[in-house]
Amino acid sequence: MKSKIAFGVFIGLMFVFYGCDYIEAPYATDGPQGCTGSTPVFTANPSPVRKVLIEDVTGHRCGNCPRAAETIASIMASYPDQVVALGLHSSLSGSFTDILPNDTITNPSLKYIYDFRNTPSTEIDNQFGVSSIGLPGGMVNRKDFGGGPVVSYTNWSTYTASVLASPPDIDLQLQNFWNTNNDSSLCSYFYARALNSLSGDYKICLFLTEDSIVKWQKDYLASPSTDLQFYVHHHVLRSSITGTTWGVPLNSTTNIASGETFIEGYSTKIDPSLWNLDHLYVVAFVYNATTLEVVQAEELKMLP
Amino acid sequence: MKKIFLATIIVAFSTLLSAQTDKTDSTKTKLDKKLSDGTKEVNWGTIHGNFGLDAQYYFNDSLIAAPVVPEKFRMNGFLNLVYTNGNFSAGLRYEAYLPKPLLGFDARYEGQGIPFRYASYKLGGLEVTAGTFYEQFGNGLVLRAYEERSLGFDNFIDGFRAKYTPIQGITLTGLVGKQRFFWSWGPGLIKGFNTDINFADLFPKLGEKKIKLMVGGSFVSKYQDNEDIVNPLDPNQILNLPLNVGAWSGRLGFGVGRFSMNAELAYKINDPNRTNGYIYKPGSAFYFSASYAQKGLGITVQAKRIENFDFRSDRNMTGQPLLMNFIPMLNKQHTYALAATIYPYAVQTNGELGLQADINFTTPKWVAKKYPTQVNINFSMVNALDTNITGDLYGYRTDVFGFGRQLYMDANIEISQKVSKKVKFNLMYMYLFIDKNLVQGFGSTPRPINSHIIVADVSYKFLPKHTIRLEAQGLITEQEMEHLDDRTNGSWVMGLAEYTFSPHFFVSVMDQWNVGNPTEDFQIHYITGIVGYNNGSTRITFGYGRQRAGIICIGGVCRQVPAANGFTLSIMSSF
């Protein structure tokens, strides 16, 4: 009998040991960093247009994924300067994004040794469940068109047209300042002006993307080999300038009044040896914090 | 860490089960009865349940600011079914909110389905439940999963629970699961463990001496995934969140003769959440109750101190959903409408100090031999904590016995007197103070209200089975004159007439009149009429009238209700 009681108490102690995370001060760590210096001047765009965000969850060993990339290129050609794209390489995509060994014995051509994966891409994939549905896949403005926000690339063109048919809600602009303090830091300012009243909580994300990365890619339509060594990877999401995948709150009140304007700057350090500075872009988008639907997007090359 | 925990749970459950296998044969349930001809009569078990339906047909009524209901008709309904066969039981509840929940209930209940279903069996001292269940540890300070249908409150846990009684007097409970969030589950995983020891059962000699001694301890932890929450004090920082938040409590119950007491002390580690402004100060809760009872006299004294103790399985949730614990209310639960519904008290889960004294007595025979007078005197008060804001994420510091701003006070006396076999009456006077904004969550600007409430209630049984009851109430206040847009403002009077033809029928008419509203247009009559029919366990009521906008509280847990005008139908039945 004593052993039974002792066993019960033992179970209880398990809860004690596994049930508490004490947090000592400091209770917070640096997230998004503000910019130093004076805020730049923005001018309201007299004729703003709506732009759409297409997120392509992809992988360098996904043989059908180049079809999604081609679709984005085609949509961009149809709607010049109205499409902002993100190529997301998620850790949840299994072998599609896994790397191969960096040794010539098991991997003589050293293909697929470059690791595209990063935290924001994985967290976005985890939120929307693209990898669990299958690659290639993605979201158009993270909007639910009837079957959930994750849509096949074959529908991206139709849904883009549907999004761009409505007038813009926000005039969104960017200004980038690179290395002004000689510390390899980028300071990116956004300007968001509501063109009509918006209800609810909104957030803004500032991401850094790199274009034209030449690395291996699997392509089932390629011949004679389906492993392409000099494939050009576009719009690859690299990091979040605001420090978090889900951005920072735009409005502090429950509604945004028409004409209300938000200007803020965020900075991030960039290692020039890792990424090609000439190919870096800042992508910004505003989304509804409840529905996650994107209402406006913008993109600006980091260097002039 | 999670894998280790799950492995521990599995091992613990399987070992508990295996510990019982030696008893299985001897305690095997005899489900089938052997008949005289040698055949077996199969025991199919029993089914019981209950059914409830509340429906309303809405009319537009802009005078009382009733929301327009385009679909005109709404209903809330449920059916509980419980199957029992020997030591096995299983149950489910079908719920439907069609086409949407009644006005005043959370719109997220919209839909229909079977959210509640479980199976349970007992084997020796072990009881295992899989599926959904309700549970309370002690007074509920660290865990209480319960349903309060009239509030639209339901926070059942969906998972596994094992209760184990190794010997009479000791009960061990372990559970793991997620909480109901309307038609899905909250994001947090709850783990809980509770021990109750009743020494009067362990040592029968204590029971013989009418001594009761109970001790208990609970531990509850919730796990929620990490996320990026911006530091409210510095938008450039992200909070370091505790993913596992633990709370525990210890309690003592003691009784000897006519005296009994019950005390519980609880503690919660840092739990930054939306209700406390994401501060890291640990929480604590203390509850004490002592009572004395003898023939013709009952005295109860209660106290509590609550500090930062809102405990939920989602750190970002506010309002009613996903509450894991319950802070007892130390105020009289009034039944008369103006006393109960105009200025009810809502428990402040993140900080309050409360006291209550309640005395019931019956006048001795030498005063009134035939019809003694029953008197209830009740006093309660609640203050906020006296806090010093630290200006950082710790939040604040406070003295244990530091009383802050007064939130609520209720001093009342109620006298019940039977005059003859046919006539009896109740009289009540109540003084009430409330800081309406702070208590009912309308803002941080103080809005103190002093009011006096008087009630007279007379019943007259003019024929056998035929009773008529008249009620007159008044609420007098002069404190709210500047809130000109408020339709619950200033003084009120109320009258009620009710006729009962026992045991089946009753009919009543009631008028609540906001006679003292400083805005003349809002001096509105809220008239309702109800007819009802009772038969055994079935009760049907049908009514028509205006429902006042306001706040409904049960046990200190409250919900806002908008105004409404229309027909109501209510059916309750059980079998």
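Residues numbered from 1 in each chain as written. Chains lettered and ligands numbered in written order. Predicted model: local features only at pLDDT ≥ 70, side-chain atom pairs only at ≥ 80, totals over all residues. Heavy atoms only, no water.

## Concerning the confidence of the model for chain B
Residues and elements named next belong to chain B.
Then comes step 1: The predicted model of chain B has a mean per-residue pLDDT of 89, with 91% of residues at 70 or higher.
Then comes step 2: Low confidence marks residues 1-31, where pLDDT is under 50. Its contacts with residues over four positions away, or in another chain, come to 34 contacts.
Then comes step 3: The complex prediction reports pTM at 0.69, with the ipTM value standing at 0.71. (pLDDT = per-residue confidence, 0-100. Contact = heavy atoms within 4.5 Å.)

## Focus on a positive patch on the surface
Then comes step 1: A cluster of basic residues, K370(B), K418(B), K421(B), K424(B) and K461(B), forms a positive patch on the protein surface.
Then comes step 2: Residue position: K424(B) is located in strand β24 (residues 423-435). (Patch = residues over 30% accessible without salt bridge, like charges linked within 9 Å, V, L, I, M, F, W, Y side chains within 5 Å. Areas by Shrake-Rupley, 256 points an atom, 1.4 Å probe, with all protein chains shown as cover. Salt bridge = Lys/Arg side-chain N within 4 Å of Asp/Glu carboxyl O. Lys, Arg positive; Asp, Glu negative; His and termini not counted. Charge placed at Lys NZ, Arg CZ, Asp CG, Glu CD. Helix = DSSP H or I, 4+ residues; strand = E, 2+ residues; numbered from the N terminus.)

## Let's talk about the packing of aromatic side chains
Then comes step 1: Counted by the stated rule, this structure contains 33 aromatic pairs over all chains.
Then comes step 2: Their ring planes at 75° and their centres at 4.9 Å tell us that Y114(A) and F116(A) sit as a pair that is edge-to-face.
Then comes step 3: Since its relative accessible area comes to 23%, Y114(A) is described here as partly exposed.
Then comes step 4: Among the aromatic side chains, those forming a connected cluster through ring pairs are Y57(B), F59(B), F542(B), Y544(B) and F567(B).
Then comes step 5: Taking the ring centre of Y287(A) as reference, the NZ or CZ of R142(A) above it sits at 5.7 Å.
Then comes step 6: Looking at R397(B), its charged tip hangs above the ring of Y394(B), at a distance of 4.6 Å from the centre. (Phe/Tyr/Trp six-rings, centres within 6.5 Å; stacked < 30°, edge-to-face > 60°. Buried < 20%, exposed > 50% of the residue type's maximum accessible area, 1.4 Å probe, protein only. Lys NZ or Arg CZ within 6 Å of the ring centre and 35° of its normal.)

## Points about the state of the cysteines
Residue and element names in this part refer to chain A.
Then comes step 1: Counted by the stated rule, this structure contains one disulfide over all chains.
Then comes step 2: Covalently, C62 is tied to C65 through a disulfide, its sulfur atoms 2.1 Å apart. Disulfide C62 to C65: torsion about the S-S bond roughly 85°, handedness right-handed.
Then comes step 3: For C62, a relative accessible area of 2% corresponds to the buried category.
Then comes step 4: The class for C65 is buried, based on a relative accessible area of 1%. (Disulfide = S-S within 2.5 Å.)

## Comments concerning empty space enclosed by the protein
Residues and elements named next belong to chain B.
Then comes step 1: In the structure shown here, the tally under the stated rule is two cavities of 30 Å³ or more.
Then comes step 2: Its volume calculated, the second largest cavity comes out at about 110 Å³.
Then comes step 3: Every residue along the wall of the second largest cavity is listed here: D106, Y109, G152, F153, D154, N155, R180, F181, F182, Q320, P321 and L322.
Then comes step 4: When residues of the lining of the second largest cavity are traced back to their parent elements, those giving at least two are β11 (153-154) and β13 (170-181).
Then comes step 5: Along the lines of polarity and charge, the residues of the lining of the second largest cavity split into six nonpolar, three polar and three charged. (1 Å grid on protein atoms, 1.4 Å probe; cavity = no way out; pocket = protein on both sides within 12 Å on 5 of 7 lines; lining within 4 Å. Points joined across faces, edges and corners; volume = space filled by probe spheres on them. Nonpolar A, V, L, I, M, F, W, Y, C, P; charged D, E, K, R; others polar.)

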